[in-house]
Amino acid sequence: MAESSGPDPSGGPDESDGLREADGPAEGSRGPAGSAGPERGAAASAPGPAASARRKLRPEHYDFFAGGAGEETALRENERAFGRLALLPRVLRGGADLGTRVSVLGREWQAPLFVSPTAFHRLAHPDGELATARAAAATGIPLVTSMAATTAVADVVAAAREADSEALVWFQLYPQPEHEVTAELVRRAERAGCRALVVTVDSPVFGRRTRDLRNGFHDLPPGLAAENMRDLPGAAPGSTRDIAMWPAGWDDLARLRELTDLPVVLKGVLHPEDARTAVEQGVDALLVSNHGGRQLDAAPASVEALPTVIEAVAGRVPVLMDGGVRRGTDIALALALGARAVGVGRPVLWALATGGEDGVREVLTALREDFAHVLTLCGGRRPEDLTADQVVLRGLPYRPGGPGRGERAW
Ligand SMILES: Cc1cc2nc3c(=O)[nH]c(=O)nc-3n(C[C@H](O)[C@H](O)[C@H](O)COP(=O)(O)O)c2cc1C
Ligand SMILES: O=C(O)C(=O)c1ccccc1
């Protein structure tokens, strides 16, 4: 049985490692549309992992990690949407064989959890992606390394494999306007030993990041670069804008698939029709995501978009999600709604900033243990035991049509 004696990954019930309390305007205090947008971080005394990281980082780097697009509505909603959902526990389903393993693209994962791709880890800590890779590997959690990493993919995979020879690393790719550039990036990921490509498709252009615009944050500090972009035609790593965003089409995805036998995970799908098309096009998995609120500010929270995608996919491929996952109950809610596994972005960045490799190991371990504990409290013995009838909306009576009546409450 899981014992929840470890640190609460959320930083405690009064805290948040997103922006709800630790940062940005308090609920109800947001300016009218067209106002200056999100405020800079709250008082340095604000509790929580985000606030701790903020004390360690240069303000423009903290804002780069913390921020979202526009008025940061999608960013805030990712966490809030989980808060609007409750879990209905089942009882008297005991048994000794509790486990958190799930199977994803032919591999057994120890927990339904992975590290989502985030750019520029060396802005958070001098060890950057090497620390993240070692910590993820040591805890048995798969890592998706970003095309915009400040450490080359070959070095990231090597660090992970050194910690655990079985470590799983996937490569996140923004399809590039030059096919040859895309092809070379895919070759680098393959040579490094990545086991899947996570193709991010929610970024036909870069989101308008209010904080970065206000801070004038464009360039990486001297010595840091988007290392995966080295020696590629047209790329000069060093600026945050050297990763080209480009409105690719389904044809480009088909061309990409001809380049490689690696499984392709489509990241950033929110519309059920896109999910259906993706499956028909032979995509191996989907990652439901609003990019941590950094692209379309009017996008729904990831967890809100999840049920329609699950319905459209109808079990044909695994569906992953990320955005706003901060605690075991969030993982359980996403799984109950049909996700196979969930990713975390900012919690890893905050842990990296404050505690380096040890910090990342601690936050991933805490999340995994917290999930195991929640699973048990829900009457589940394995992740698949969580079902959609266990998810109800808070603030509303959930009968009729609720659990036990063959219908879902959401
Ligand atoms: C600082 C930062 C950098 C990111 N960089 C990338 C990236 O390079 N590629 C990508 O596909 N997604 C990127 N994302 C989005 C994450 O993969 C993920 O969708 C999101 O962070 C999940 O939400 P969470 O931060 O609430 O956990 C980034 C997110 C953040 C916060
Ligand atoms: O994808 C992102 O959210 C992101 O922040 C980023 C920054 C620079 C290059 C590529 C992605």
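Residues numbered from 1 in each chain as written. Chains lettered and ligands numbered in written order. Predicted model: local features only at pLDDT ≥ 70, side-chain atom pairs only at ≥ 80, totals over all residues. Heavy atoms only, no water.

Chemist: What is the right way to read helix α9 (residues 272-280) from this model?
Modeler: Given 3.6 residues per helical turn, the α-helix brings residues three or four places apart onto the same face. Buried within α9 we find A275, A278 and V279. Viewed along the axis of α9, the buried residues span an arc of 95 degrees, placing them on a single side of the element. Where α9 ends, the next residue or the one after it, G282, has phi of about 90 degrees, a positive value. (Buried < 20%, exposed > 50% of the residue type's maximum accessible area, 1.4 Å probe, protein only. Helix = DSSP H or I, 4+ residues; strand = E, 2+ residues; numbered from the N terminus. Arc of directions from axis to C-beta.)

Chemist: Quick question: what am I supposed to make of the packing of helix α1 (residues 49-56) against helix α12 (residues 346-377) here?
Modeler: Between two packed helices, what matters for the description is the angle formed by their axes and the separation of those axes. Running from N to C, α1 and α12 cross one another at 50 degrees; their axes reach a closest spacing of 9 Å. By the angle between their directions, the pair α1 and α12 is classed as oblique. At the point where α1 passes α12, the crossing takes the left-handed sense. Counting all contacts with α1, which are made through P49, A50, S52, A53 and K56, the residues of α12 involved are W350, A353 and T354. Split by residue class, the contact of α1 with α12 holds 5 nonpolar, 2 polar and 1 charged. (Axes fitted to C-alpha atoms, helices over the stretch in contact; angles between N-to-C directions. Parallel < 35°, antiparallel > 145°, perpendicular 65-115°, else oblique. Left-handed = near helix turned anticlockwise from the far one by under 90°. Contact = heavy atoms within 4.5 Å. Nonpolar A, V, L, I, M, F, W, Y, C, P; charged D, E, K, R; others polar.)

Chemist: Would you mind showing me how to read the packing of aromatic side chains here?
Modeler: By convention here, two paired aromatic rings are described through the distance between centres and the angle between planes. Evaluated as defined, the whole model comprises 7 aromatic pairs. Relative to W350, the ring of F65 lies with its centre 6.5 Å away and its plane at 80 degrees, an arrangement referred to as edge-to-face. With a gap of 285 residues between them, F65 in helix α2 (residues 59-66) and W350 in helix α12 connect regions that are remote in the sequence. Grouping residues by exposure puts F65 and W350 together as buried. Among the aromatic residues, ring-to-ring pairing joins Y62, F64, F65, F120, F217 and W350 into one connected group. The aromatic ring of F206 is capped on one face by R209, whose charged end is 4.4 Å from the ring centroid. Sitting over the face of the ring of F64, R294 holds its NZ or CZ atom 4.9 Å from the ring centroid. (Phe/Tyr/Trp six-rings, centres within 6.5 Å; stacked < 30°, edge-to-face > 60°. Lys NZ or Arg CZ within 6 Å of the ring centre and 35° of its normal.)

Chemist: Looking at this structure, how should I read the side chain of H61?
Modeler: Tracing the chain through its elements places H61 in helix α2. Setting aside residues up to four positions removed in sequence, H61 forms contacts with L123, F217 and P221.

Chemist: What am I meant to see in the environment of D330 here?
Modeler: Secondary-structure assignment places D330 in helix α11 (residues 328-336). Residue class for D330 comes out buried when judged on its relative accessible area of 2%. C-alpha separation for the pair D330 and L393, spaced 63 residues apart in sequence, amounts to 14 Å.

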